[in-house]
Amino acid sequence: MKIQLDGKTIVKNEKIRIADLIEENTFDYQAAKVNNRIRELDYILDKDCTVELLTLSDTEAVTIYQSTLRYLIIMACKKVFPKAKVIFNYSVSRSIFASISNIKHAFLQEDLDAIKAELDRIIAANLPIKRSSISKEEAIEYYNSIGYKDKAKIIQYRKESTVHVYECGDYKNYMFGYMLPSTGYIKSYRLMLYAPGFIIQYPRAEEKGQIPYFEDEKVFQNALREANRWGNITTASYIYQMNEIVEQGKALEFINLCETRHNNQLSELGDKIARNIDQIRLIAVAGPSSSGKTTFTNRLRIELKTLGIDPLMISVDNFYNQGHLAPLDEEGKPDFEHIDALDRKLFDEVIYKLINGEEVALPIYDFKTQKRTFTEPVKLGKTQPIMIEGIHALNDDLTPSIPREVKFRIYIAPQAQLHIDDHNPISLSDIRLIRRMVRDYKTRNSSCEQTIEMWPSVRRGEFKWIYPHQSNADFVYNSELSYELCVLKKHALPLLEAVDSNSPYFIQANRLVKFLKYFKDISDKWIPCNSIIREFIGDSIFYTEDLI
């Protein structure tokens with residue numbers, strides 16, 4: 001058997017575990033790609049293959065690290081508080097929030113210290129974590145017996161006849177993902193008391209395996225708390241709960257509830273702007289890719305018009321430097337997401353003159369000729385604000401001459417608290433990726449492989465240009481619709497399942513396939529024509545291509 005590893009050929013006459021190929025293992029590797037498939041380090045190699053070891057600079061390795069860390073935290077909590085109920089949610093500042101209940105008192109620092117001490121003991125012991133397979137029936141019976149009703153219910157929707165479980169000592173659980181081979185691999189983490197539970201921080205790939213600084217962004221924490229409250233109202237925070245709604249014939253009512261929530265947010269936002277319209281001169285909207293910005297800005301414009309406010313819409317895209325001049329990225333390619341790809345001086349000048357009552361000709365950028373023309377001069381009404389939308393809209397460097405007090409900044413993104421089960425929250429990035437691949441295929445004839453290929457670059461742009469400025473927001477609009485994955489599933493699955501196993505994007509596609517298969521279908525015909533989801537599945541009354 002020949003194994004290609006780090007440019008070297010290793011010959012073995014018998015099967016070998018991936019971890020055993022690593023000389024002087026210092027826990028620096030967390031997983032491997034074997035012939036383009038993600039494998040745990042416990043995976044046994046038995047034929048010719050190419051092996052690429054992964055570190056915490058790789059997203060796939062971080063996912064496995066994070067799953068194992070959550071597993072060990074639950075294990076430690078159960079040791080300290082045997083009857084405790086732990087629920088994980090994705091939180092602000094690239095962290096996880098753990099709520100802990102059923103301990104008969106308020107969760108205090110001394111409780112967190114006890115959990116951390118037990119967790120450190122488990123890690124120091126370097127206990128093996130072993131995977132085994134059991135039948136669905138056995139898994140359901142086991143999880144019901146230990147009070148994990150949420151896991152027992154979601155397993156009922158699993159298509160496969162078996163379930164993987166991981167055992168460490170006398171603890172057994174499944175985290176819907178791969179795991180590290182032993183507890184000693186967890187070298188870096190932080191826990192912080194954060195009532196009514198605690199924050200978990202872990203290494204991030206975009207930080208080259210380091211833990212990012214925690215910033216307590218209250219406006220986003222409030223949005224996530226509201227998302228949690230919404231989940232309790234609709235009883236739809238878990239996949240199995242959504243599926244039960246569909247099975248009970250209540251999907252249409254569920255859709256209407258979610259859409260009404262969006263309407264209510266728009267009404268609240270419109271009222272907030274109207275109360276301060278004498279002061280607000282610039283409304284700026286930003287958010288990461290596939291947040292629904294196109295539909296949102298159109299709906300906000302209509303909401304404001306019902307209040308007697310008619311904003312002047314200005315596209316930031318019309319301010320690209322002529323000739324597509326842009327700074328080069330780390331690969332030497334033009335970086336069109338860079339703020340200096342825009343003519344910042346012209347943009348600031350146009351906005352400044354408009355706000356100060358002057359007539360201004362607005363640029364129109366032709367992406368084919370890469371040249372700029374201008375409109376007839378326009379002038380703002382006495383209380384008419386400007387509305388802009390784009391990746392840099394919340395960045396003060398785009399409008400340095402405009403005083404802070406005349407700006408109203410809106411951040412839009414899905415802010416969900418959705419779960420596979422208590423221990424496995426659903427990634428907000430995955431929701432946006434699924435939205436985007438469906439839209440790219442329908443509107444641009446792009447394969448999901450093309451979308452997956454560009455996603456890391458999109459994410460790098462978000463971390464560089466959007467997230468550093470999100471705390472400037474005066475209002476956070478939650479564009480998540482709890483029913484949406486039940487709709488997107490039928491559009492996304494055929495695209496993902498068509499990805500060849502030899503494709504470099506098969507790993508990501510296969511992971512999303514396994515995730516989406518849990519959802520029941522909801523018909524497109526019930527989705528309103530002005531819904532944010534129409535921006536992705538088609539037939540929106542607002543749709544124009546959002547290139548961000």
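In the block above lies the structure referred to throughout.
This section reports on the structure supplied with the text.

Rules of the game
- Residues numbered from 1 in each chain as written.
- Predicted model: local features only at pLDDT ≥ 70, side-chain atom pairs only at ≥ 80, totals over all residues.
- Heavy atoms only, no water.
- Helix = DSSP H or I, 4+ residues; strand = E, 2+ residues; numbered from the N terminus.
- Contact = heavy atoms within 4.5 Å.
- Axes fitted to C-alpha atoms, helices over the stretch in contact; angles between N-to-C directions.
- Parallel < 35°, antiparallel > 145°, perpendicular 65-115°, else oblique.
- Left-handed = near helix turned anticlockwise from the far one by under 90°.
- Nonpolar A, V, L, I, M, F, W, Y, C, P; charged D, E, K, R; others polar.
- Phe/Tyr/Trp six-rings, centres within 6.5 Å; stacked < 30°, edge-to-face > 60°.
- Buried < 20%, exposed > 50% of the residue type's maximum accessible area, 1.4 Å probe, protein only.
- Pairing = 2+ DSSP bridges.
- Polar contact = N/O pair within 3.5 Å; in protein donor to acceptor, adjacent residues only side chain to side chain.

What follows covers the environment of Val165. One can find Val165 in strand S11 (residues 162–168). A C-alpha to C-alpha distance of 8.2 Å links Val165 and Met175, two positions 10 residues apart in sequence. Ignoring any residue separated from it by four or fewer positions in sequence, one finds Val165 in contact with Lys130, Arg131, Ser132, Ile134, Tyr143, Lys172, Asn173 and Tyr174.

Let's shift gears to the packing of helix H7 (residues 251–275) against helix H8 (residues 293–305). In contact at an axis separation of 9 Å, H7 and H8 are set at 55° when each is read in the N-to-C sense. Put simply, H7 runs oblique to H8. H8 is crossed by H7, and the crossing has right-handed handedness. Note on element contacts: H8 touches H7 through Phe296, Arg299, Leu300, Glu303 and Leu304, opposite Glu259, Asn263, Leu266, Ser267, Leu269, Gly270 and Ile273. Residues that form the contact of H7 with H8 fall into these classes: 6 nonpolar, 3 polar and 3 charged.

Time to look at the packing of aromatic side chains. Given two aromatic rings, their pairing is described by the distance between the two centres and the angle made by the two planes. The full count for this structure, using the stated rule, is 18 aromatic pairs. Between Tyr320 and Tyr365 the ring centres are 6.2 Å apart and the planes differ by 45°, which places this aromatic pair in the tilted class. Placement of Tyr320 in the loop between strand S16 (312–315) and helix H9 (344–355) and of Tyr365 in strand S17 (residues 363–366) is noted, with a sequence separation of 45 residues between them. The exposure classification of Tyr320 matches that of Tyr365, with both residues buried. An aromatic cluster is present here, built from Tyr166, Tyr174, Phe176 and Tyr518 joined pairwise through their rings.

The subject of this paragraph is the pairing of strand S20 (residues 407–413). Most of S20 sits out of view: 7 of its 7 residues are buried. Judged by which residues are buried, S20 turns out to be covered on both faces: Lys407, Arg409, Tyr411 and Ala413 on one side and Phe408, Ile410 and Ile412 on the other are all buried. The pairing of S20 with strand S23 (residues 475–478) spans 4 bridges and is parallel. Bridge pairing in S23 links Ala413 to Asn478.

Tracing the backbone shows Asp430 in helix H10 (residues 428–444). At 2.8 Å, the side chain of Asp430 forms a polar contact with the side chain of Arg511. Discounting residues that sit within four places of it in the chain, Asp430 has contacts with Arg511 and Leu512.

Right, let's talk about the sheet that holds strand S12 (residues 171–173) for a bit. The antiparallel open sheet is built from 3 strands, whose spatial order is S10-S11-S12. The open sheet has two edge strands, strand S10 (130–135) and S12, and neither has a second partner. For this sheet, the mean inter-axis angle between neighbouring strands, taken without regard to orientation, is 35°. By the bridge criterion, 6 bridges tie S10 to S11 in an arrangement that is antiparallel. Its bridge partner lying in S11, Lys130 is registered against Glu167. Strands S11 and S12 of the sheet are contacted by helix H1 (residues 59–80), whose axis makes an angle of about 135° with S12. Of the strands in this sheet, S10, S11 and S12 are in contact with helix H3 (residues 136–145), which crosses S10 at around 105°.

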